[in-house]
Amino acid sequence: MEFNLLAVLVAAFSSFVVGFIWYNPKVFGTIWMKEAGITEEQSGKGNMLKIFGLTFIYSLMIAFLMPTIVIHQMGAMSMVGGPSLVGTAKPSYLAFIADYGDAFRTYKHGALHGFILGLFIASPIISINGLFEQRSWKYMAIQAGYWISILTIMGAIICGWK
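Residues numbered from 1 in each chain as written. Predicted model: local features only at pLDDT ≥ 70, side-chain atom pairs only at ≥ 80, totals over all residues. Heavy atoms only, no water.

Some words on the nonpolar core
Here comes step 1: Ala 63, Met 66, Leu 151, Met 154 and Ile 158 are the most contacted members of the largest nonpolar core, which totals 21 residues.
Here comes step 2: Listing elements by their share of this core, those giving two or more residues are α1 (5-22), α4 (48-70), α7 (107-132) and α8 (137-160).
Here comes step 3: If one sorts the elements of this core by residue count, α8 sits on top with 8 residues.
Here comes step 4: Among residues more than four places away in sequence, those in contact with Met 154 are Ala 11, Ala 12, Ser 14, Ser 15, Ser 59, Ile 62, Ala 63 and Met 66. (Core = buried A, V, L, I, M, F, W, Y, C linked by side-chain atoms within 4.5 Å. Buried < 20%, exposed > 50% of the residue type's maximum accessible area, 1.4 Å probe, protein only. Helix = DSSP H or I, 4+ residues; strand = E, 2+ residues; numbered from the N terminus. Contact = heavy atoms within 4.5 Å.)

And the structure:
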């Protein structure tokens with residue numbers, strides 16, 4: 001099983017597509033700006049190259065880690081020491097991969113793992129930060145909803161794209 005760099009790049013880029021829709025003024029953008037305490041004028045003053053460039057790097061970092069979370073076979077590969085040592089793996093590893101090489105490698109299964117990651121990891125982190133920052137529940141729900149959505153999509157892309 002090889003690392004699918006193209007799937008990781010597409011998954012990272014998907015955060016922009018989802019963000020463009022999610023934070024559109026006709027979806028949650030207007031509510032989010034109100035709850036965040038920023039105006040359209042303030043949001044346009046940021047260094048967009050820096051914002052979008054770093055956003056892609058951070059999204060790439062998340063997407064790069066996703067295969068280990070959403071693809072079960074990555075755990076078996078890590079047990080033999082990684083891709084470079086697969087050739088020297090014991091016959092039990094090769095038998096496992098022969099039997100289960102593509103098991104649970106679907107878009108649906110990856111989406112499930114991504115959703116669980118968003119719900120049980122991203123949402124609590126966002127909510128804890130929001131509580132200490134004294135943000136509204138609307139703000140936290142919008143932010144958590146975005147991350148649940150994007151992690152679900154990233155999981156689907158990375159697990160299903162073989």
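Quick notes on the packing of aromatic side chains
Here comes step 1: This structure, assessed with the given rule, holds 9 aromatic pairs.
Here comes step 2: With centroids separated by 5.5 Å and ring planes inclined at 50°, the aromatic side chains of Tyr 23 and Tyr 146 adopt a geometry described as tilted. One end of the pair, Tyr 23, is in the loop between α1 and α2 (29-36); the other, Tyr 146, is in helix α8, and 123 residues separate them in sequence.
Here comes step 3: We classify Tyr 23 as partly exposed; its relative accessible area is 24%.
Here comes step 4: For Tyr 146, a relative accessible area of 8% gives the class buried.
Here comes step 5: Pairing Phe 96 with Tyr 100 gives two aromatic rings, centres 5.2 Å apart and planes at 40°, and the pair type is tilted. (Phe/Tyr/Trp six-rings, centres within 6.5 Å; stacked < 30°, edge-to-face > 60°.)

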